[in-house]
Amino acid sequence: MIKKYIFGNPFPTHATVENAEICNHKLPYFKTDENGNFTLNLDENDIVYGLGEQIRGINKRGWKYVSWCSDNPDHHEDTHSLYGAHNFIIVSGKELFGAFFDYPGRLTFDIGYTKINEMSVHAERNNLAVYIITGENEKDITKQFRRLIGRSYIPPMWAFGYGQSRWGYQNEQDIRIVAEKYKEREIPLDSIYLDIDYMERYKDFTVDKNRFPDLEKLTADMKTQGIHLVPIIDAGIKIEEGYDVYEEGVKNNYFCKNENMEDFVGAVWPGRVHFPDFLNSDAREWFGGKYSALTELGIDGFWNDMNEPAIFYTDDRLADTLKKNDSLTSKNMGIDEYFIFTGMVAGLNGNVGDYDKFYHNVDGQMIKHSEVHNLYGMNMTRSAFEALQKIQPEKRTLFFSRASYIGAHRYGGVWQGDNKSWWSHILQSMQQLPALNMAGFLFTGADTGGFGCDTTEDLMLRWLQYSLFTPLFRNHAAAGTREQELYHFSTVEAMGEMIKIRYSLIPYLYSEFLKAALNDEMLFRPLSFDFANDEDSRNIEDQLLLGNELMITPIYKQNANGRYVYLPEEMMLVRMKKHDDFKTEILPKGHHYIPCKLNELIFFIRKDKAIAMCTPVDCTEKIDIGTAKLLGYQGSTYTLYKDDGISHDPKGSLEISVLKTVDI
Ligand code: MIG
């Protein structure tokens, strides 16, 4: 049951698509006040799930989280905000309920930080809707919530292929080399990503003709090899005379305004930019239409970056900083002055104050950005999604975004942002998956191998063994870091086998993804969601259930020759070096130590279940479901969902086939 409680005058976020019964009684569970505070006592054994893309564990207790979409490459324990704002939680313990705080400004979840047994949620202004969802269990509550917020985005099937990316591919030649080297090594590949360097001086919807003289031909050449090129689109529009996007935006008032009703200026990659007013429906439609510049060249996938929006600096703050620094540096700078100086310079990027300095035009009303900050990225993705439905109605386009709010899950996926080549970031990514799924984001994954910092060979192998289960499976790295295309490593062969295992799993993963999307369910779940009465399951932070058949247990520690695994019931252990070179063993309920070599993938098949595995091929296009074999418990069946992988309404063309196990 869902009940909606209204406080003050909430901004219409469009997070939800269904109406919920409005309740005029007091909000249950929480103590409320006039200042946007919602307080609740936590029982010692309560678990708080949710918050989507956030740091720390599956159980969110013990930290203060701030929903404020941020360009923050520091994903560590001390962080408060990442790129998304996903304000949905489930409290499970003495009471069991879900709560969605539909508020687009700054929202704080103090979950046992100030007081260990108290949760307090604070909305900066007391204008919000709170939805309270009760149900039988966590899965039921999540399903009701997901129905409320609408069906998750379904990407084309090729988006489940492996993708290679790097910030630093400079030109056509760089792209061709990646494709060639993967072919040479016979490692499957479905996509290569174009980062900001393909553009002409970081201008959206332009292509640098010197470096990419014929992107249309390159795209076509790649397509013949089954490879899709996926360019990046940033939020800020370069201020430059003669640049059509800039000029049209100025002429039609499609950019965010400052308090004097002039186009607001910030600085990002292109230098000084204006920000499209994605909350204005005309601007949204206009910007979305621009994607055709690239779809006309054969492009059918995009990633949206910097749409928190990231602001490196604003002119005013820069001038102010320079002036103050001048007075500090003109003297012989003491230690105190030195720290003021470095603090001010570091404080230019993403300065909270800058988000008070611009406005959106929402149906003729000027709304201060900071009050609706968390909706910006969502509406950028919406802009593209809605336009592309019109531009190419015959097919799904790959989309994923960095910033998001609940509601954005209907328009695209999200990638988990600028992680690092750290072992702890395998675990961090894994812990976000169920929470992202709760919030509707099914198409997601981390930069495999790590974005910032230098990766290591063993980290890459272990990371592949984790990421080969995530819908978005992309190797991406930052400029200046160690090259991490798989062919750079001495263990490339073992790495290639992991990619092939992924390809043999794609029909299964796609099938489970579609079942989850069409039924408003989660693809990844904490053990406790399925084994609610099992005490030990409630403490497991490093294993996840995947679909209805699997449990994944990645290794995320360096030099570990195995790991402890908890089985909430009997399961089948699979150790796999190649898609056709594996061993299985049935293990009883309980705690086990599972040795695992570096070139070995381990996962579990749930009791009396089986999964489909196909013969791997070099791109998704060539996958032949006819080669499917079942791996799992003897005598069990698997129901495979398939469609054409590309049409918009998958429901229309859904086929189901029941596969039966054969002897293995
Ligand atoms: O300020 O486009 O998260 O994936 O490679 C950095 C360059 C801008 C941040 C993205 C990252 C991308 C990078 N971008």
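Residues numbered from 1 in each chain as written. Predicted model: local features only at pLDDT ≥ 70, side-chain atom pairs only at ≥ 80, totals over all residues. Heavy atoms only, no water.

### Focus on the overall build of the chain
Moving on, step 1. For the chain, the helix and strand inventory stands at 14 helices and 39 strands.
Moving on, step 2. The C-alpha radius of gyration computed for the chain amounts to 25 Å, which stays within 12% of the reference 26 Å derived for 664 residues, consistent with globular compactness.
Moving on, step 3. For the chain, buried positions account for 61% of its 664 residues.
Moving on, step 4. If you take every contact in the chain between residues at least 6 apart in sequence, the share linking residues at least 24 apart comes to 73%.
Moving on, step 5. With an accessible surface of roughly 24,900 Å², the chain has 47% of that area assigned to carbon and sulfur atoms.
Moving on, step 6. Counting 71 positive and 96 negative side-chain charges, the chain places the centres of these two groups 3 Å from one another. (Helix = DSSP H or I, 4+ residues; strand = E, 2+ residues; numbered from the N terminus. Rg over C-alpha atoms; globule rule 2.2 N^0.38 Å. Buried < 20%, exposed > 50% of the residue type's maximum accessible area, 1.4 Å probe, protein only. Contact = heavy atoms within 4.5 Å. Areas by Shrake-Rupley, 256 points an atom, 1.4 Å probe, with all protein chains shown as cover. Lys, Arg positive; Asp, Glu negative; His and termini not counted. Charge placed at Lys NZ, Arg CZ, Asp CG, Glu CD.)

### So, unusual backbone geometry
For residues that are not glycine, phi is negative in most cases, and the peptide bond is trans in most cases.
Moving on, step 1. Cis geometry marks the peptide bond from E308 to P309; its omega dihedral reads -5°.
Moving on, step 2. At M306, a position not held by glycine, the phi torsion is positive, near 60°.
Moving on, step 3. Topologically, M306 is positioned in the loop between β19 (301-305) and α7 (315-329).
Moving on, step 4. You will see that N559, though not glycine, has its phi angle at about 60°, which is positive.

### Regarding a nonpolar patch on the surface
Moving on, step 1. Taken together, I335, Y338 and F339 make up a surface patch of nonpolar side chains, about 340 Å² in accessible area.
Moving on, step 2. Along the chain, the position of Y338 falls in helix α8 (residues 335-346).
Moving on, step 3. On the basis of relative accessibility, which here comes to 37%, the residue Y338 falls in the partly exposed class. (Patch = residues over 30% accessible without salt bridge, like charges linked within 9 Å, V, L, I, M, F, W, Y side chains within 5 Å. Salt bridge = Lys/Arg side-chain N within 4 Å of Asp/Glu carboxyl O.)

### A look at the packing of aromatic side chains
Moving on, step 1. One pass over the full model with this rule turns up 50 aromatic pairs.
Moving on, step 2. For the pair F264 and F358, a centre-to-centre distance of 4.4 Å together with 20° between the ring planes defines the contact as stacked. Taken together, the residues span a long stretch of sequence, with F264 in the loop between α4 (244-251) and β17 (266-268) and F358 in the loop between α8 and β20 (359-362) at a distance of 94 residues.
Moving on, step 3. You can call F264 buried: its relative accessible area is 6%.
Moving on, step 4. Taking 6.2 Å as the distance between ring centres and 50° as the angle between the ring planes, the aromatic pair formed by Y355 and F358 counts as tilted.
Moving on, step 5. Classification of F358 by relative accessible area gives buried; the value is 0%. (Phe/Tyr/Trp six-rings, centres within 6.5 Å; stacked < 30°, edge-to-face > 60°.)

### Looking at the site of the ligand
Moving on, step 1. Around the ligand sit 14 residues in total, of which D195, W269, D305, D418 and H476 are the nearest.
Moving on, step 2. Contact distances for the ligand include 2.5 Å between an oxygen atom and a side-chain N or O atom of D195.
Moving on, step 3. One nitrogen or oxygen atom from the side chain of H476 is found 2.9 Å from an oxygen atom belonging to the ligand.
Moving on, step 4. Relative to its unbound accessible surface of 360 Å², the ligand loses 96% to contact with the protein.
Moving on, step 5. Class assignment of the residues belonging to the shell around the ligand gives a composition of 9 nonpolar, 1 polar and 4 charged. (Near = heavy atom within 4 Å. Polar contact = N/O pair within 3.5 Å; in protein donor to acceptor, adjacent residues only side chain to side chain. Nonpolar A, V, L, I, M, F, W, Y, C, P; charged D, E, K, R; others polar.)

### Some thoughts on the nonpolar core
Moving on, step 1. If you look at the biggest cluster of nonpolar residues, it comprises 167 residues, and the most contacted ones within it are I192, Y291 and F603.
Moving on, step 2. Among the elements that make up this core, the one with the highest residue count is helix α13 (residues 492-518) (17 residues).
Moving on, step 3. When neighbours within four sequence positions are excluded, F603 is seen to be in contact with F469, L550, M551, T553, M572, L573, V574, M576, I611 and L631. (Core = buried A, V, L, I, M, F, W, Y, C linked by side-chain atoms within 4.5 Å.)

### Brief notes about the environment of H579
Moving on, step 1. Following the sequence through the fold, H579 ends up in the loop between β32 (571-578) and β33 (581-587).
Moving on, step 2. Sequence separation between H579 and S504 is 75 residues, and the spatial gap between their C-alpha atoms is 6.9 Å.
Moving on, step 3. When residues no more than four places from it in sequence are discounted, the contact partners of H579 are I501, S504, M613 and P616.

### Some remarks on the side chain of N307
Moving on, step 1. On the secondary structure map, N307 appears in the loop between β19 and α7.
Moving on, step 2. If we skip the residues at most four places from it in the chain, N307 touches A235, Y376, G377, M380, T381, S401, R402 and A403.

### Some details on the environment of P276
Moving on, step 1. Relative to the helices and strands, P276 resides in the loop between β18 (271-274) and α5 (281-289).
Moving on, step 2. Accessibility expressed as a relative area gives 1% for P276, which makes it buried.
Moving on, step 3. Remark: the alpha-carbon pair of P276 and S404, spanning 128 residues in sequence, is separated by 16 Å.
Moving on, step 4. For P276, the contacting residues outside a window of four places in its chain are A235, I237, Y254, F255, C256, F287 and Y376.

### Section: the domain arrangement of the chain
Moving on, step 1. For the chain, the assigned domains are domain 1 (2-149), domain 2 (189-313 + 349-414) and domain 3 (509-660).
Moving on, step 2. When each unit is reduced to the centre of its C-alpha atoms, the spacing between domain 1 and domain 3 is 30 Å.
Moving on, step 3. Roughly 1,300 Å² is buried in total at the junction of domain 1 and domain 3, and carbon and sulfur atoms are behind 50% of that figure.
Moving on, step 4. On the domain 1 side of the interface with domain 3, the three residues burying the most area are I58, K139 and R146, jointly 43% of the side's total.
Moving on, step 5. Linking domain 1 with domain 3 are 3 salt bridges.
Moving on, step 6. Between D520 and R147 there is a salt bridge whose closest N-O contact spans 3.7 Å.
Moving on, step 7. Counting across the domain 1 and domain 3 interface gives 9 residue pairs in polar contact (both at pLDDT 80 or more). (Domains from an automatic or database assignment. Buried area = accessible area lost by both parts, 1.4 Å probe.)

### Here we look at helix α12 (residues 457-467)
Moving on, step 1. Among the 11 residues in α12, 10 count as buried, and that is most of the element.
Moving on, step 2. Here α12 has its buried residues at D458, L459, M460, L461, R462, W463, L464, Q465, Y466 and S467.

### Re the sheet that holds strand β16 (residues 237-238)
Moving on, step 1. Read across the sheet, 3 strands follow the order β16-β18-β17 without closing on themselves; strand pairing throughout is antiparallel. Looking at strand neighbours, the two that pair on one side only are β16 and β17, the edges of this open sheet.
Moving on, step 2. For β16 and β18, the ladder comprises 2 bridges, and the chain directions are antiparallel. Bridge pairing links K238 to V273 in β18. (Pairing = 2+ DSSP bridges.)

### Points about the confidence of the model for the chain
Moving on, step 1. Of all residues in the chain, 98% attain a pLDDT of 70 or more, and the chain-wide mean is 96.
Moving on, step 2. Across the chain, strand β27 (residues 473-475) holds the top mean pLDDT of 99, while strand β39 (residues 655-660) sits lowest at 66. (pLDDT = per-residue confidence, 0-100.)

### A word on the sheet that holds strand β28 (residues 524-525)
Moving on, step 1. Spatial ordering of the open sheet is given by β28-β29-β30-β35-β32-β33, a layout of 6 strands whose pairing is antiparallel. The sheet is open, and its two edges are formed by β28 and β33, each paired on a single side.
Moving on, step 2. Of the pairings in the sheet, the one linking strand β29 (residues 544-546) to strand β30 (residues 550-552) comprises 3 bridges and is antiparallel in character. Residue L544 lies in a different strand from β30, and its bridge partner there is I552.
Moving on, step 3. Each of β29, β30, β32 and β35 (601-606) is contacted by α13, which is oriented at about 135° to β32, the strand it contacts most. (Axes fitted to C-alpha atoms, helices over the stretch in contact; angles between N-to-C directions.)

### With respect to the state of the cysteines
Moving on, step 1. According to the stated counting rule, one finds 0 disulfides in the structure shown.
Moving on, step 2. Here C69 stays free of any disulfide, with the sulfur of C256 as its closest cysteine sulfur at 14 Å. (Disulfide = S-S within 2.5 Å.)

### Considerations on the packing of helix α11 (residues 424-438) against α12
Moving on, step 1. In the contact formed by α11 and α12, the axes pass within 10 Å of each other and the chain directions differ by 10°. When the interaxial angle is binned, α11 and α12 end up roughly parallel. Crossing of α11 against α12: the hand is right-handed. Along its contact with α11, which presents H425, I426, S429, M430 and L433, the element α12 presents L459, R462, W463 and Y466.
Moving on, step 2. Counted by class, the contact of α11 with α12 contains 6 nonpolar, 2 polar and 1 charged residues. (Parallel < 35°, antiparallel > 145°, perpendicular 65-115°, else oblique. Left-handed = near helix turned anticlockwise from the far one by under 90°.)

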